[in-house]
Amino acid sequence: VQLQACGGGSVQTGGCLRLSCAASGRTFSNYGMGWFRQALGKAREFVAAINSSGGTTYYAVSVKGRFTISRDNANKTVYLQMNSLKPEDTAVYYCAAGRTGWAASTLREYGGWGQGTLLTVSS
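Not measured: the values here are computed from a predicted model.

The rules behind these values
Residues numbered from 1 in each chain as written. Predicted model: local features only at pLDDT ≥ 70, side-chain atom pairs only at ≥ 80, totals over all residues. Heavy atoms only, no water. Helix = DSSP H or I, 4+ residues; strand = E, 2+ residues; numbered from the N terminus. Disulfide = S-S within 2.5 Å. Buried < 20%, exposed > 50% of the residue type's maximum accessible area, 1.4 Å probe, protein only. Pairing = 2+ DSSP bridges. Axes fitted to C-alpha atoms, helices over the stretch in contact; angles between N-to-C directions. Contact = heavy atoms within 4.5 Å.

K.L.:
So, unusual backbone geometry: which residues are in play, and what are the values?
P.N.:
Leaving glycine aside, a negative phi is the common case for residues, and trans is the common case for peptide bonds. Phi angles above zero are rare outside glycine, and Lys76 is one such case at about 55°. Among the secondary structure elements, Lys76 is positioned in the loop between strand 7 (67–72) and strand 8 (77–82). Even without being glycine, Ser84 reaches a positive phi, approximately 50°. When you line up the elements, Ser84 lands in the loop between strand 8 and strand 9 (91–98).

Here is the structure:
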């Protein structure tokens, strides 16, 4: 699967932004999708996941209530709407395609990765 993420940028604290990730290759509607992020000098961490149908979502505690993951299977795209952004949300954000249809939260459950898009939140 090929994944192309976009939508990153620079925003101020409290701002919002939406990331998009377009997929090609595999049958998009068969697998779960996730967003991860990696801040400078830190390990990549889970942000949000959605199952293949879009009916189940799962969030990291740090973003729950502020971020929303969604998907459009017809257009093979997954989104991450980010509201009430904080400086600690600054990171490179990666979308990933799951190995199954579940909404998974660990790196090993994902087999395809996009190139990453940078979000910078300034105070």
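K.L.:
Lay out the state of the cysteines in plain terms, naming residues and giving numbers.
P.N.:
Summed over all chains, the structure comprises 1 disulfide. Put simply, Cys21 and Cys95 are joined by a disulfide, and their sulfur atoms are 2.0 Å apart. Across the S-S bond linking Cys21 and Cys95, the dihedral sits near 55°, which makes this disulfide right-handed. With Cys21 in strand 3 (residues 17–24) and Cys95 in strand 9, the pair connects residues that are 74 residues apart, well separated along the chain. Neither residue differs from the other here; Cys21 and Cys95 are each classed as buried.

K.L.:
So what's going on with the sheet that holds strand 7? Residues and values would help.
P.N.:
Strand order in the open sheet formed by 4 strands is 1-3-8-7, with antiparallel pairing between adjacent strands. Each edge of the open sheet is held by one strand with a lone partner, namely strand 1 (2–6) and strand 7. Each neighbouring strand pair of the sheet contributes to a mean axis angle of 15°, computed without reference to strand direction. Judged from the 6 bridges that link them, strand 3 and strand 8 form a sheet pairing that is antiparallel. Counterpart to Ser20 in the pairing with strand 8 is Tyr79.

K.L.:
Pulling in residues and values, what's your account of the environment of Ala23?
P.N.:
Checked against the element boundaries, Ala23 lands in strand 3. In the structure, Ala23 is positioned 47 residues away from Ser70 in sequence and 14 Å away in space, judged by C-alpha atoms. Here Ala23 is in contact with Val1, Gln2, Leu3, Phe28, Tyr31 and Lys76, once residues within four sequence places are set aside.

Geometric descriptors of this kind do not, in isolation, establish any biological role.
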